Structure formats: structure tokens, C-alpha cells
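Structural overview
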Amino acid sequence: MTDFSHDLKTDELIKIRRDLHAIPELALHETLTHTYLLQVLTAWQTERMMIKMIPEVPTAILVRLQGTDPQRTIGYRTDIDALPITEETGLPFQSTLPGQMHACGHDVHMTVALGILRHFINHPPKDNLIFFFQPAEEADYGGYRVYQAGAFEGEWRPDEFFALHDDPARPAGQIATRMGTLFAGTTEIHLTFTGQSGHAAYPQLAQDALVAASAFVMQVQTVVSRNVDPVRGGVVTIGSLHAGEVMNVIAGEAKLAGTIRAFRQSDILMMQQRVREIAEGVAQTYGIKADLKLIQGGYMPVENAAALTTDLISFMTKDPTIDFALAEPAMTGEDFGFLTQKFPGTMVWLGVNDPKHTLHSAQLNPDEQALQPGVAAFVRYLEHRMSID
């Protein structure tokens, strides 16, 4: 029977979540958040607990708990950054930083991670545990950066990795996941067409970048419909197009930005190639130049490892204290996908019961009653993992 008697109580978890919610910071600039986390962690530190900084990514934190009889090293990752969104919740603990908000629930993620960590500080784990407080999930691929810095080497290398993401559409405290791919991989599209501006009355003397951009937007609609297996699906969206400033001047430059998304890395690579070919073809057709940048960084599909996920689903389905459901794949991106390419890993949803608002909404208001069930479900599951020789 799991002993929760010395764990963080619901009101303590809520206080931590609200403290973190008030100081949301953007990718690679999470200095207040880093300071807060470090204060909590150092106050809890024991002789079996190590804290590691990453000079190349200074807002990242790694924590290692030495197991009592380790057979493996288990990793748990939480993201810590926020979004450039002005909060509109009106909550008494809303963001104190203008134009920045935890609109994706990373304050919830951090709180659950701290709750799990606190349990295993009070109840020393059998296996080694590593907790990764990761900056830059929303942008700038923090998981990739920390991995490239060599942070997960030697005794800091996990044999398996786990993580969660809050889901406002699910009941508070519900855990959900699936076999295979949970989240899509993504690639940023940044494209500039450069032609020659000119007077609207003399189009023969100009090279119209706006017309070329329009042709590109229409042609990339065929990338998915005529290249991707419809059973698997994918997305190419151009969300931004800026060209011209005056109604009677032909635009000499057009800038476009968008995203590629798919559930398989092989499909993403194929879609990248088709977007590149279409951009080059449009540029040749209209006699202009194309400068295309495709940035994937660490945003690869979150592919749940078969053996781990089978074990997790089996355990959580049988545990009567856990509200568990199977999930459908989502086209949202998550840079935990990079870590699942390097280590066997599984990610789950945690329901936070705010069905009126989606992730990245300025009104998102997660139900704090999800915190304790989220902590308890993972504590129970990790103890189960440690019981397997």
C-alpha cells in the first residue's frame, strides 16, 4: 500500500501552482521560475539527492534521487516555460508579467512533478530517479538543447522517460494515453519570395512577389492531399503572409510563415521535401528568388514506447484509484518527442476540466483538483515500475 501521509497536501500543491502561475516566462528566459524551483529543491535536498545545472541551458534543472537497490534509472520530465499571451482570467493569482501567461498549463506540469519528487524524497525509491525541469518547450526546442549539451550522460542517463500534458477537455485528474504516436511532430516554415517592386500600371517591369506567394499557398494544399496516406494524416498550414504596403505598388517581397505536422517522422521529412520543391518551382515560374528555412529542431512525434506504454496502460486500467481512459492521437506538437527518439518513453494526458477553453487560450483556467490525482497516479505507477526486476 502506497504511503501518502508525508506527501504534499492539496492546499500545498495549489499554492505552488499559483506561485508558478504568477511568474510565467518565455522560452530560455525562465529566470524567476528557475529561482523559485531551485529554492524549493534546495529546501528539500537530502544526501541521496543531487541537483545539476546545465551551463549551456542555464534555466534547466536536473535532479537525481539515488535508489536504494537500483535496477534502472527512470526519468520524469516537466516543461517550465510559458507563452506570449496576455492573460484574461481575472484570477487573483494571474500573471504578474505583462503579455506572458501559462496558457498551456506548464505551471500544472511543474507542480505535479514537484509532488512526485517530494513523495520519493520522503520514501526513498528502489530505482534511481531523474527529474528534468526543462525550459523552452513552446519554442527553441529545450529538450534538444539539453540533450546536445551532454546532460544525460553517465549516471544521469535514464533508461526510460515519462511525462504528462494537461488536457482541459478531460475530467479533472483523469489520465489518458495510447499506444503508438500521441502527439505529432512539427516543422516551422519560414519563406521569403524576393522579386522587383514597381508601379501597378506597369506590371511588365516588375516581378510580383505577392502573386508568387499566393500561388505557393495554393500549391502546398496538395502536399497532404496527394502525398500523405489519408489513414495517417498530416497538416501544412500557412498562417502568416505579409506583402506590400501600398495599393498601387507591386510587392517586391513577400514573407510567409507556417507549420508542417504529421504523426510519423518519415512523413514529415517527405512533406518538408515537397514544400521545398514547390517553393523552388514557384520561384522559377515567376522569375523571383525563394529563401526557405524549415526548422524542426527537437519537435518530433511523441512516439510512446510499446513495452512501457503497454505496462502503463495495464497498470492504470487495473488500479481502481486511477481514472484512466484511452486517447486518440493529437496533431498538437510537444518537444518531449525528441526525448522519445533517444530514450524509450511514454507521455500521458492529465485532465484539468476546463472544456470551455483550449490550450493556449487567454482564459484557460485548469481545475486545481487535478493536481493530487495526477501526483498519486504517477507515484503509484513509478512504484510499480520499480517492483519489476
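Our structure's up above, just so we're on the same page.
Residues numbered from 1 in each chain as written. Predicted model: local features only at pLDDT ≥ 70, side-chain atom pairs only at ≥ 80, totals over all residues. Heavy atoms only, no water.

Here we look at the sheet that holds strand S3 (residues 73–79)
- If you trace the 8 strands from one edge of the open sheet to the other, you get S1-S2-S4-S3-S5-S16-S6-S14, paired in mixed fashion. Only two strands of the sheet have a single partner each, and these edge strands are strand S1 (49–53) and strand S14 (324–326). Across the sheet, the axes of successive neighbouring strands diverge by a mean angle of 25°, strand direction being ignored.
- The pairing of S3 with strand S4 (residues 128–134) spans 7 bridges and is parallel. The residue bridging Arg77 from the neighbouring strand is Phe132, located in S4.
- Along the sheet, helix H2 (residues 31–44) makes contact with S1, strand S2 (61–65) and S4, crossing S1 at roughly 155°. (Pairing = 2+ DSSP bridges. Helix = DSSP H or I, 4+ residues; strand = E, 2+ residues; numbered from the N terminus. Axes fitted to C-alpha atoms, helices over the stretch in contact; angles between N-to-C directions. Contact = heavy atoms within 4.5 Å.)

A word on the pairing of strand S11 (residues 253–262)
- As judged from the 10 bridges shared by strand S7 (residues 180–194) and S11, these two strands associate in the antiparallel manner. Bridge pairing in S11 places Thr192 opposite Lys255.
- Of the strand pairs in this sheet, strand S9 (residues 234–243) and S11 are connected by 9 bridges, and their pairing is antiparallel. By the bridge assignment for S11, Val236 is matched with Ile260.

Let's talk about the pattern of salt bridges
- Under the defined criterion, the tally for this structure stands at 16 salt bridges.
- Note that Arg17 and Asp107 form a salt bridge whose closest N and O atoms lie 2.9 Å from each other. Placement of Arg17 in helix H1 (residues 10–21) and of Asp107 in helix H3 (residues 106–122) is noted, with a sequence separation of 90 residues between them. Here the two residues Arg17 and Asp107 agree in accessibility, since each one is buried. (Salt bridge = Lys/Arg side-chain N within 4 Å of Asp/Glu carboxyl O. Buried < 20%, exposed > 50% of the residue type's maximum accessible area, 1.4 Å probe, protein only.)

Some details on the packing of H1 against H3
- Their axes nearest at 9 Å, the elements H1 and H3 cross at an angle of 140°. On the basis of the axis angle, H1 is oblique to H3. Relative to H3, H1 is oriented so that their crossing is right-handed. Contact with H1, carried on its side by Leu13, Ile16, Arg17, Leu20 and His21, involves Asp107, Val108, Met110, Thr111, Leu114 and Gly115 of H3 and no other residues of that element.
- Of the residues contributing to the contact of H1 with H3, the split by class is 6 nonpolar, 3 polar and 2 charged. (Parallel < 35°, antiparallel > 145°, perpendicular 65-115°, else oblique. Left-handed = near helix turned anticlockwise from the far one by under 90°. Nonpolar A, V, L, I, M, F, W, Y, C, P; charged D, E, K, R; others polar.)

Here's the deal with the environment of Gly374
- Considering the arrangement of structural elements, one finds Gly374 in helix H10 (residues 371–386).
- Residue classification places Gly374 among the buried positions, given a relative accessible area of 0%.
- The sequence separation of Gly374 and Ala113 amounts to 261 residues, and the corresponding C-alpha distance is 9.2 Å.
- Setting aside residues no more than four positions away along its own chain, Gly374 makes contact with Val112 and Leu350.

Details of the packing of aromatic side chains
- Counted according to the given criterion, the structure contains 17 aromatic pairs.
- Summarising the aromatic geometry, the rings of Tyr76 and Phe378 are spaced 5.2 Å apart at their centres and angled 80° between planes, so their arrangement reads as edge-to-face. You can see Tyr76 sitting in strand S3 and its partner Phe378 sitting in helix H10, a full 302 residues away along the chain. Summarising the burial analysis for this pair, Tyr76 and Phe378 share the class buried.
- Aromatic side chains Phe152 and Phe343 sit 5.9 Å apart centroid to centroid with 80° between the ring planes, which places their arrangement in the edge-to-face category. Of this pair, Phe152 sits in the loop between helix H4 (142–148) and strand S5 (160–167) while Phe343 sits in the loop between helix H9 (336–342) and strand S16 (345–351), placing them 191 residues apart in sequence.
- Accessibility expressed as a relative area gives 2% for Phe152, which makes it buried.
- On the basis of relative accessible area, Phe343 is assigned to the buried category, the value being 3%. (Phe/Tyr/Trp six-rings, centres within 6.5 Å; stacked < 30°, edge-to-face > 60°.)

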